[in-house]
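Summary of structural features
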Amino acid sequence: MAHLFSPLKIKSIEFKNRIIVSPMCEYSSEDGFANDWHLVHLGSRAIGGAALVITEATAVSAEGRISPGDLGIWKDEHIEKLKQITDFIHQYGSVAGIQLAHAGRKASHEVPWKGGAQIASNKENGWRSLAPSAMPFTASEEAPIELDKQGIEKIKADFKAAAERALKAGFKVIELHGAHGYLIHEFYSPLSNHRTDEYGGSFENRIRLLLEVTESVKEVWPDEYPLFVRISSTDWTEGGWTADDSSALAKILKDKGIDLVDCSSGGNVATAKIPLKPGYQVEFAEKLRKETGILTGAVGLITEPEQADEIIKSGQADVVLLAREFLRDPYFPLRAAHQLGQEVKWPSQYERAKW
Ligand SMILES: Cc1cc2nc3c(=O)[nH]c(=O)nc-3n(C[C@H](O)[C@H](O)[C@H](O)COP(=O)(O)O)c2cc1C
C-alpha cells in the first residue's frame, strides 16, 4: 500500500489517508456567514478523496477577521450553514475540521483581489486591530491596540465559545491558527511581542497565550476529538522565532494534549526572505516529529503524489497538507492514488471516469 494512503487514527477519528486540505481563506462571507461557495469549495474536496478538509481561518470574533469577507463562528447563527457543510463532508467519507483564528494586527484588510491593503479604522468596513504590542505589521499601517488583561481574557473566551459552536456545527477536528503573523504567532514571536507583563519577555511568557487558549478550548472540546495547532516554525528573520523554539513549544503542546502540529512558517515579518522550493517547510515537520514524538503535518509546495508519498514513507511527517494544488485539482487524492497504483473508492457517481 502506498504510504500516502495508509489510514491514521487520532483519538476516536479514523482518517482514510494522509492527505489534508490545508486551510484556505475564501473571503467570500458576509458578516461571517458560510454560504454555498463554502459548501461547494469544501464539499468538492471531500468528494475528491481528502481524508480531512479543514475550513479556512474562521474568526472567533468579528474584530479577529483578516477582512470583512472572512468566515466566522462568533455567533450561534453561524452554526446552521456550517452544519450543512460538515454533514456533506462526512457523508462522503471525509472528516470536517475547522481552523479557529484571530488575525491580531493583520485584521481589517481588504480582500486580496481588492489589493489587500489595510482598511483604516475610520474608514467604512474598517476597525482597529488588536495585538500583543502596539506595533503595526508594516510602518505604513495604523498601529494596533495593545491588548490589556481583560482583552486577553476575551480572546480566550472567544476561542472557547467558538470551539463549542464548532462542535455543534459537527466538526470533528479543530486546528488552532498559531501561524502566519496572526494573533497567537504575534504573541510567541519576540519580534512582535514587546510586552513586559507575564505574556511577554521570556519564551514561557510569550507562549502563554497559546497554552491558555489551548486550555480553554479543551474545556469544551471532547477528549476523543483531535486538536491540532498550526505554527510558524520560524520567522526566517534574525532575532525572531526559530525552529528550536518550535521544538521546545511542541514538547509542551504534546504534554498539554495537542495531537498534531501543522508546521508552516513565516508571515510575521513583511521583509523576511523565505527560501521557496518544493517541500521547503518539510524539514520543520521532520525536526519536530523526531525531537518530540508529536504527530506532525508537512505543508508548503507539496504538489506531486510521489513527493507526498515519500514524506510519509520516510517518516518526515504523519500527514501532508496541500493548499494550492487542491485549488488546481480538487480530486488530487484520486489522481494520486492512480499514480501510486493504489486502489481507492471513488464516489459512485464518478466511477465511470476512473482510470
Ligand atoms: C488562497 C489561500 C488561502 C489561504 N488561507 C489560509 C488560511 O486561512 N489559514 C492558513 O493557515 N493558511 C492559509 N493559507 C496557506 C495554506 O494553507 C498553505 O499553508 C500554503 O499555501 C502553502 O501550501 P501550498 O504550497 O500547498 O499552497 C492560504 C493559502 C492560499 C493559497
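Given the structure is predicted, the values throughout are model-derived calculations rather than measurements. Here the residue numbering is sequential within each chain, running from 1 through the sequence in written order. Given that the model is predicted, a residue must reach a pLDDT of at least 70 before its local features are reported, and side-chain atom pairs must reach 80 or more before they are shown or counted; all residues, however, enter totals for whole chains, interfaces and linings. Heavy atoms from the whole structure form the basis of all side-chain values; hydrogens and water molecules are not counted.

Brief notes about the environment of Trp-346
Checked against the element boundaries, Trp-346 lands in the segment after helix H11 (332-339). Each C-alpha atom, one on Trp-346 and one on Leu-167, is 28 Å from the other, the two residues being 179 residues apart in sequence. Beyond its immediate sequence surroundings of up to four residues, Trp-346 is in contact with Leu-334, Glu-351, Ala-353, Lys-354 and Trp-355. Only DSSP runs of H or I reaching four residues or more are called helices, and only runs of E reaching two or more are called strands; each is numbered from the N terminus. In this description, contact between two residues means that some pair of their heavy atoms is separated by no more than 4.5 Å.

So, the environment of Asp-255
Structurally, Asp-255 can be placed in helix H7 (residues 243-255). Each C-alpha atom of the pair Asp-255 and Ile-294 lies 9.6 Å from the other, and the pair is 39 residues apart in sequence.

Re the site of the ligand
We call a residue near a given molecule or strand whenever any one of its heavy atoms falls within 4 Å of it. Around the ligand lies a shell of 16 residues, among which Ser-22, Pro-23, Cys-25, Leu-301 and Arg-324 are the nearest. At 2.6 Å from an oxygen atom of the ligand is found a side-chain nitrogen or oxygen belonging to Arg-324. We get accessible surface area from the Shrake-Rupley algorithm with a probe of 1.4 Å; when it comes to residues, only the shown protein chains can shield them. The protein chains hide 82% of the 600 Å² of surface that the ligand would expose on its own. Definitions used throughout: a 1 Å grid over protein atoms alone; a cavity as a set of points that fits a 1.4 Å probe which cannot get out; a pocket as an open set with protein on both sides within 12 Å along at least five of seven lines; a lining residue as one with an atom within 4 Å of a point. If over half the atoms of a molecule are within 2 Å of the grid points of a cavity or pocket, the molecule is regarded as sitting in it. Judged by its atoms lying within 2 Å of the grid points, the ligand is housed in the largest pocket. Pairs of N or O atoms within 3.5 Å make up the polar contacts considered here, provided that, within protein, one atom can donate a hydrogen while the other can accept it, and that residues adjacent in sequence are counted only when both atoms are side-chain atoms.

Looking at the pattern of salt bridges
Salt bridges, as used here, are contacts in which a Lys or Arg side-chain nitrogen is within 4 Å of a carboxyl oxygen on Asp or Glu. Per the counting criterion, the structure on display carries 25 salt bridges. Asp-31 is paired through a salt bridge with Lys-75; the nearest N and O atoms lie 2.5 Å apart. You can see Asp-31 sitting in the loop between strand E3 (19-21) and helix H1 (36-47) and its partner Lys-75 sitting in the loop between strand E4 (52-59) and helix H2 (79-91), a full 44 residues away along the chain. When its relative accessible area of 40% is taken as the criterion, Asp-31 is described as partly exposed. Only protein chains enter the calculation, and the probe is 1.4 Å; a residue is then buried if its accessible area is under 20% of its type maximum, exposed if over 50%, and partly exposed in between. Judged by its relative accessible area of 24%, Lys-75 falls in the partly exposed class. The shortest N-O distance in the salt bridge between Arg-128 and Glu-142 comes to 3.8 Å.

Some points on the packing of aromatic side chains
Note on aromatic pairs: each is described by the distance of the centres and the angle between the planes. Each pair of aromatic rings taken from Phe, Tyr and Trp, with Trp reduced to its six-membered ring, is defined by centres within 6.5 Å and is described as stacked if the planes are under 30 degrees apart, edge-to-face if over 60, and tilted in the remaining cases. Applying the stated rule across the entire model yields 10 aromatic pairs. Ring geometry for Phe-187 and Tyr-199: centres 6.3 Å apart, planes at 80 degrees, overall edge-to-face. In this pair, Phe-187 is assigned in helix H4 (residues 183-188) and Tyr-199 in the loop between H4 and helix H5 (203-206), connecting sequence segments 12 residues apart. Between Tyr-188 and Trp-241, the ring centres sit 4.3 Å apart and the planes meet at 45 degrees, which makes this aromatic pair tilted. Linking Tyr-188 in helix H4 with Trp-241 in the loop between strand E9 (227-232) and H7, this pair joins segments that are 53 residues apart in sequence. Across this residue pair, the class does not change: Tyr-188 and Trp-241 are buried.

Description of the environment of Leu-253
Assignment of secondary structure puts Leu-253 in helix H7. Of the residues examined, Leu-253 reaches a relative accessible area of 0% and is grouped as buried. Residues Leu-253 and Asp-235 lie 18 residues apart in sequence; the distance between their C-alpha atoms is 19 Å.

A closer look at the packing of H7 against helix H8 (residues 282-292)
The geometry of H7 relative to H8 is characterised by a closest axis approach of 9 Å and an angle of 50 degrees between their N-to-C directions. With respect to their mutual orientation, H7 and H8 come out oblique. Handedness of the H7/H8 crossing: right-handed. Here Ala-243, Asp-244, Ser-246, Ser-247, Ala-250, Lys-251 and Lys-254 of H7 lie close against H8, whose contacting residues are Phe-284, Lys-287, Leu-288, Glu-291 and Thr-292. Note on residue classes: Ala, Val, Leu, Ile, Met, Phe, Trp, Tyr, Cys and Pro are nonpolar, Asp, Glu, Lys and Arg are charged, and everything else, Gly too, is polar. A breakdown of the residues in the contact of H7 with H8 according to their chemical character gives four nonpolar, three polar and five charged. Interaxial angles span 0 to 180 degrees and are taken between N-to-C directions of axes, which are lines fitted to C-alpha atoms, for helices over the stretch in contact. Each angle gets one of four labels, with under 35 degrees taken as roughly parallel, over 145 as roughly antiparallel, 65 to 115 as roughly perpendicular, and the rest as oblique. Two helices crossing with the near one rotated counterclockwise from the far one by less than a right angle form a left-handed crossing, whereas a clockwise rotation gives a right-handed crossing.

The quantities given are spatial measurements derived from coordinates; they are silent on function.
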